[in-house]
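# Structural overview
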Amino acid sequence: MVKVASGVEKIKLSGIEEMNELAKKVEGLINMGQGKPVFKTPLPVINAAKKALDEGHTKYTLSRGIEELRVALANKMRDYNKIDATPEEILVTVGVSEGISISLMTYAERGDKVIIPTPSHPFFRIMAEFVGADVVEVPCKEGDFSLDIEAIEDIVDERTKAMLINVPNNPTGKIYDGRQLKSLQRMATNQDFLVISDEIYDYIVFEKKHESIAKYGKENIITLSGFSKAYSMTGWRIGYMHSTEDIIDNILPIHNSLVVSAPDFIQVAALKAVNDETSLNFVKATTEEYRKRRDFVVKRLNEIGLPSNLPEGAYYAFSDISSYRMDSLGFAKFLLKVAKVLCVPGISFGKDWDGYVRFSFADVPQSDLSEAMDRIEKVIKRM
Ligand SMILES: Cc1ncc(COP(=O)(O)O)c(C=O)c1O
């Protein structure tokens, strides 16, 4: 048997995908596992893709992405994210997933330290380990899930090459405080490491405004965002990256060798999504729908006996299960078996989060959400 490369030896499938595999044969399942929006992609975007195919947008594009899209994305980042962005500082990627990978492939290697405030998306750790870096997880503060800046300061040293953050956070929904982000930006420039800021949920925010770290200065910051979540485009595989021109120029050859470019006709459709009024209204309307679901789910989870904070963004509830004397994988498997409700064990988001599970309310209509909460309640009452 051919031996796998040393970089992948300790890598396992993400806990999210592992639970998807377990759930695939469960009949009558209510899927609160994956963060996949239930809504259809806005029609103008679908029509733009069809038209682009008809018009022959079926070729490679410039590796960094088509000019009009990069101009539109730089405008979006200036207006919405308050980042001083130019089109030369934008790279169109095959989803934020590719953005995370190519940033780490370009900048981190064996012997480097990569810091991950947790809980955080499993891809962060997987890709940092893949490039051979030593991952150091720094848990956010229990209670409000804010960054533990003092703990981060203690861990940063000359080996530190990058830190991966996610705002609003999956799974907690936390939008980190502007002052904390500003001090992180200062730390990154003073101590010369990169902050890779995954902002894929930037449009899905409720009472509080989104905060981009690069608004405090773009040096040493890579900002990633995309279309998967806000525009219900998870299957289109398109996203984008912003950083300073020198950083983008360093990453470009890796992107070029890995995928050449994001698909031509999908870039044309993405341009429609950024500029089109109907599509932007879709983002507002679906965010409002997520807010209603959030209010319902979080209220019910707290009533049931699964303490959960009100998320400030994204579409997950992160629930405390520590009083049930089960680890998070055991709890998730039990809920799947008995209630036929899929959730994700907290351990998938970092080693310190085994006392939690994540419920997604992205892919479930309101009627199923009530049913899911009733089923969970029944199970919890028997525990
Ligand atoms: C925090 C985070 N980053 C990235 C992704 C994947 O993004 P994309 O579909 O743009 O690759 C997800 C998907 O769940 C996510 O939650």
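Residues numbered from 1 in each chain as written. Predicted model: local features only at pLDDT ≥ 70, side-chain atom pairs only at ≥ 80, totals over all residues.

Per an unreviewed UniProt entry, the chain is named Aminotransferase, and its organism is Candidatus Methanofastidiosum methylothiophilum. UniProt lists a comment for the chain under the heading Cofactor (unreviewed entry), and it reads "pyridoxal 5'-phosphate". One UniProt comment on the chain, placed under Sequence similarities (unreviewed entry), says "Belongs to the class-I pyridoxal-phosphate-dependent aminotransferase family." (UniProt positions renumbered as here; feature names shortened; annotations may be inferred.)

Moving on: the packing of helix H4 (residues 95–107) against helix H5 (residues 122–130). In the contact formed by H4 and H5, the axes pass within 9 Å of each other and the chain directions differ by 30°. By the criterion of interaxial angle, the relationship of H4 to H5 is roughly parallel. Considering how the two elements wind past one another, H4 and H5 form a crossing that is right-handed. Contact with H4, carried on its side by Ser97, Ile100, Ser101 and Leu104, involves Phe123, Phe124, Met127 and Ala128 of H5 and no other residues of that element. A class-by-class count of the residues in the contact of H4 with H5 yields 6 nonpolar, 2 polar and no charged. (Axes fitted to C-alpha atoms, helices over the stretch in contact; angles between N-to-C directions. Helix = DSSP H or I, 4+ residues; strand = E, 2+ residues; numbered from the N terminus. Parallel < 35°, antiparallel > 145°, perpendicular 65-115°, else oblique. Left-handed = near helix turned anticlockwise from the far one by under 90°. Contact = placed C-beta atoms within 7 Å. Nonpolar A, V, L, I, M, F, W, Y, C, P; charged D, E, K, R; others polar.)

Of all residues adjacent to the ligand, which total 13 residues, the nearest are Gly95, Val96, Ser97, Gly226 and Ser228. Residue contributions to the shell around the ligand peak at 3 residues, all from H4. In terms of residue class, the shell around the ligand is made up of 2 nonpolar, 10 polar and 1 charged. (Near = placed C-beta within 6 Å.)

With that out of the way, let us pick up the UniProt feature "domain: Aminotransferase class I/classII large" (unreviewed entry) in the chain. The positions UniProt marks with the feature "domain: Aminotransferase class I/classII large" (unreviewed entry) are residues 29–376. When the span residues 29–376 is considered, its composition is 42% helix and 16% strand, and the gap between its end C-alpha atoms is 12 Å.

Attention now goes to the environment of alanine 270. Looking at the element boundaries, alanine 270 is found in helix H9 (residues 264–275). Sequence separation between alanine 270 and valine 297 is 27 residues, and the spatial gap between their C-alpha atoms is 31 Å. The residues contacting alanine 270, other than those within four sequence positions of it, are Leu69, Phe227 and Ile238.

So, about the sheet that holds strand E11 (residues 344–345). Strand order in the open sheet made by the 3 strands is E9-E12-E11, with antiparallel pairing throughout. A strand with exactly one partner marks an edge of an open sheet, and here the two such strands are strand E9 (316–320) and E11. Relative to strand E12 (residues 356–360), E11 runs antiparallel, the two sharing 2 bridges. Each residue of the ladder has a partner; that of valine 344, found in E12, is arginine 358. (Pairing = 2+ DSSP bridges.)

Contact pair helix H10 (residues 277–304) / helix H12 (residues 366–381): the axes reach a minimum separation of 10 Å and the direction vectors enclose 10°. As judged from the angle between their axes, H10 and H12 are roughly parallel. The residues of H12 that touch H10, namely those facing Arg293, Phe296, Val297, Arg300 and Ile304, are Gln366, Leu369, Met373, Ile376, Glu377 and Ile380. For the contact of H10 with H12, the residue count by class is 7 nonpolar, 1 polar and 3 charged.

The subject of this paragraph is H10. For H10, which comprises 28 residues, the first-to-last C-alpha distance of 41 Å matches the rise-based estimate of 40 Å (1.5 Å per residue) to within 8%. Regarding H10, the residues found buried are Ser279, Phe282, Thr286, Tyr290, Arg294, Val297, Val298 and Leu301. Contacts made by the buried residues of H10 are with helix H2 (43–54), H9, E9, E12 and H12. (Expected span 1.5 Å × (residues − 1). Buried ≥ 20, exposed ≤ 12 C-beta atoms within 10 Å, placed from the backbone.)

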